[in-house]
Amino acid sequence: MSEPREHRIRRMKMRSMRRGIKEMDLILSAYANRNLDDMDAVGLDLYDSLLHENDQDLYQWVTGQADVPDAYGALISDIAQTFQK
């Protein structure tokens, strides 16, 4: 059975807010609150996949301290722009 869109978005917003490190809580929850409701299914799939990544890696990608995997390049760039606002 497929998860309803509104439940999926709510779950991903919660996972964005409850990370392992506070910096990623702030960065991802701001991004999720601004963007998830407007994402299509492909975008949601990619973001959901990103939520399974290690916080230390995510933080380094968002802050430009490490190279971003190609699959996440555009998404991390978008998250980094949200973080800088």
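The structure this text deals with has already been given above.
Cut-off values and rules
- Each residue is numbered by its place in its chain's sequence as written, counting from 1.
- Residue-level local features of this predicted model are given only where pLDDT is at least 70; pairs of side-chain atoms are given and counted only at 80 or more, and the full residue set underlies all totals for whole chains, interfaces and linings.
- The side-chain values count all of the structure's non-hydrogen atoms but skip hydrogen atoms and water molecules.
- Per the convention used, a helix needs a DSSP run of H or I reaching at least four residues, while a strand needs a run of E reaching at least two, with both numbered from the N terminus.
- The size measure is the radius of gyration over C-alpha atoms, and the globule rule it meets is 2.2 Å times the number of residues to the 0.38 power.
- Remark: exposure states derive from per-residue accessible area (1.4 Å probe, protein chains only) relative to the maximum for the residue type, with buried under 20%, exposed over 50%, and partly exposed in between.
- Note on contacts: a residue pair is in contact if any heavy atoms of the two residues lie within 4.5 Å.
- Residue-level accessible areas treat just the shown protein chains as cover; the underlying method is Shrake-Rupley with a 1.4 Å probe.
- What counts as a salt bridge is simple: a side-chain nitrogen of Lys or Arg found within 4 Å of a carboxyl oxygen of Asp or Glu.
- Any N or O atom pair separated by 3.5 Å or less is treated as a polar contact, with the protein-specific requirement of one donor-capable and one acceptor-capable atom, and with residues adjacent in sequence counted only for side-chain atom pairs.
- A helix is expected to span 1.5 Å multiplied by its residue count minus one.
- Within this analysis, the arc is defined by the directions that extend from the helix axis to the C-beta atoms.
- All axes are obtained by fitting lines to C-alpha atoms, using only the stretch in contact for helices, and the reported angles, taken between N-to-C directions, cover 0 to 180 degrees.
- Here a crossing is called left-handed whenever its near helix is offset anticlockwise from the far helix by less than a right angle, and right-handed whenever the offset is clockwise.
- Classes in brief: Ala, Val, Leu, Ile, Met, Phe, Trp, Tyr, Cys and Pro nonpolar; Asp, Glu, Lys and Arg charged; the others, Gly included, polar.

**Some words on the overall build of the protein**
Thinking step 1. Each helix and strand counted, the protein has 5 helices and 0 strands in total.
Thinking step 2. By the compact-globule yardstick of 12 Å for 85 residues, the protein fits well, its C-alpha radius of gyration being 12 Å.
Thinking step 3. With the principal axes as the frame, the protein shows a C-alpha extent of 40 × 25 × 25 Å.
Thinking step 4. For the protein, the proportion of its 85 residues judged to be buried stands at 36%.
Thinking step 5. The contacts in the protein between residues at least 6 apart in sequence include a share of 60% that link residues at least 24 apart.
Thinking step 6. Surface accessibility of the protein: about 5300 Å² in total, with carbon and sulfur atoms responsible for 49%.

**Section: the pattern of salt bridges**
Thinking step 1. Inspection of the entire model under this criterion finds 7 salt bridges.
Thinking step 2. With its nearest N and O atoms 3.7 Å apart, the salt bridge here joins D48 to R8. Of this pair, D48 sits in helix 3 (residues 41-50) while R8 sits in helix 1 (residues 5-17), and the two are 40 residues apart along the sequence.
Thinking step 3. The partner of D37 in a salt bridge is K13, with the nearest N and O atoms 3.2 Å apart. Residue D37 is found in the loop between helix 2 (22-35) and helix 3, and its partner K13 is found in helix 1; the two are separated by 24 residues along the sequence.

**Remarks on the side chain of R19**
Thinking step 1. Note that R19 resides in the loop between helix 1 and helix 2.
Thinking step 2. In this structure R19 comes out as buried when scored by relative accessible area, which is 16%.
Thinking step 3. Of note is the side chain of R19, whose polar atom sits 2.7 Å from the side chain of D55.
Thinking step 4. Setting aside its immediate chain neighbours within four residues, R19 contacts M24, D25, L28, L51, E53, D55 and L58.

**Details of the environment of R11**
Thinking step 1. Relative to the assigned elements, R11 resides in helix 1.
Thinking step 2. Considering only alpha carbons, one finds R11 and D48, 37 residues apart in sequence, at a separation of 9.6 Å.
Thinking step 3. Ignoring any residue separated from it by four or fewer positions in sequence, one finds R11 in contact with E3 and D48.

**So, helix 2**
Thinking step 1. Between its first and last C-alpha, helix 2 extends 20 Å over 14 residues, near the 20 Å set by a 1.5 Å rise per residue.
Thinking step 2. Within helix 2, burial applies to M24, D25, I27, L28, S29, Y31 and A32.

**Looking at helix 3**
Thinking step 1. By the burial criterion, the buried members of helix 3 are G43, L44, Y47, D48 and L50. Down the axis of helix 3, the smallest arc covering the buried residues is 155 degrees, so these residues share one side.

**What about the packing of helix 1 against helix 3?**
Thinking step 1. With their axes 11 Å apart at the nearest point, helix 1 and helix 3 run at an angle of 30 degrees to one another. Of the two elements, helix 1 crosses helix 3, and the hand of that crossing is left-handed. Within the contact between the two elements, helix 1 uses R5, R8, I9, R11, M12, R15 and S16 and helix 3 uses A41, L44, D45, Y47 and D48.
Thinking step 2. Across the contact of helix 1 with helix 3, the residue classes break down as 5 nonpolar, 1 polar and 6 charged.

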